[in-house]
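Structural overview for review
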Amino acid sequence: ASKIYATSLSAISANLGTIKVGTANIGDLAVTTAKIGNLQIDTLKIKDNAVTVPVVGSWTTTVWSTSSFIDIGTLTVNTDSPCLLLANAAVKLNFPDGKRWWRVQLLINSSVVFDAFGDNFSDSVALVGALYVSAGKHTVNLKWYGNTGMQVMNRTVWAMAAKK
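None of the values given here were measured: they were computed from a predicted structure. (Residues numbered from 1 in each chain as written. Predicted model: local features only at pLDDT ≥ 70, side-chain atom pairs only at ≥ 80, totals over all residues. Heavy atoms only, no water.)

1. Looking at the environment of K92
As for its placement among the helices and strands, K92 is situated in strand β4 (residues 83-94). With relative accessibility at 30%, the residue K92 sits in the partly exposed group. Considering only alpha carbons, one finds K92 and N154, 62 residues apart in sequence, at a separation of 5.3 Å. (Helix = DSSP H or I, 4+ residues; strand = E, 2+ residues; numbered from the N terminus. Buried < 20%, exposed > 50% of the residue type's maximum accessible area, 1.4 Å probe, protein only.)

Quick look at the structure:
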């Protein structure tokens, strides 16, 4: 037959070649490979947390040094399972009063995961660190120490759970 018309159709197995369907309502679909032209999804759940979304903070307010460590950026990251929490930061330092000594630390749950320091006339600093964490709420901090006469201009911190 070149066409089959049915109100209801069931089969244990069939080799049907190419099937063209206008609309299908399928309760449970298992697909090995797919080419999809225009996909619309109401709710997407990816098995085993294969995708994570980073948490990002960016600040542009100028902060003057106090000759003690100060918090210049904080993020909160929630994880639903134990994982490696990866954090990155970039900091732009300014030295309007000339060469000064500075130190920047990246912390996860109060543990220092990266520590950088220097004594230049101008610096930008990039920090990367990771810590294995349990499921729950975690804090990522960016702390800075600078001699009097220094500024932090811009800083960005991002963190995400590395689950796979």
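Here the narrative resumes, following the displayed structure.
2. Let's talk about the sheet that holds strand β5 (residues 102-108)
Across the sheet, which stays open at both edges, the four strands sit in the order β3-β8-β5-β6 with antiparallel pairing between neighbours. Every other strand in the sheet has two partners, leaving β3 (70-79) and β6 (111-118) as the edge strands with one partner each. Ignoring strand direction, the axes of neighbouring strands in this sheet form an average angle of 10°. Relative to strand β8 (residues 136-146), β3 runs antiparallel, the two being bridged by nine bridges. Considered in β8, the bridge of G73 is made with L142. (Pairing = 2+ DSSP bridges. Axes fitted to C-alpha atoms, helices over the stretch in contact; angles between N-to-C directions.)

3. What about the side chain of N141?
Within the secondary structure layout, N141 lies in strand β8. Polar contacts involving the side chain of N141 include one to the side chain of T74, which spans 3.0 Å. Beyond its immediate chain neighbours, meaning those up to four positions away, N141 contacts D71, G73, T74, Q105, L106 and L107. (Polar contact = N/O pair within 3.5 Å; in protein donor to acceptor, adjacent residues only side chain to side chain. Contact = heavy atoms within 4.5 Å.)

4. Regarding the environment of V104
The topology assignment puts V104 in strand β5. Using a relative accessible area of 0% as the deciding quantity, one classes V104 as buried. The sequence separation of V104 and I72 amounts to 32 residues, and the corresponding C-alpha distance is 9.7 Å. Those residues in contact with V104, other than ones at most four positions away along the chain, are V91, F114, D115, A116, L127, L142, K143 and W144.

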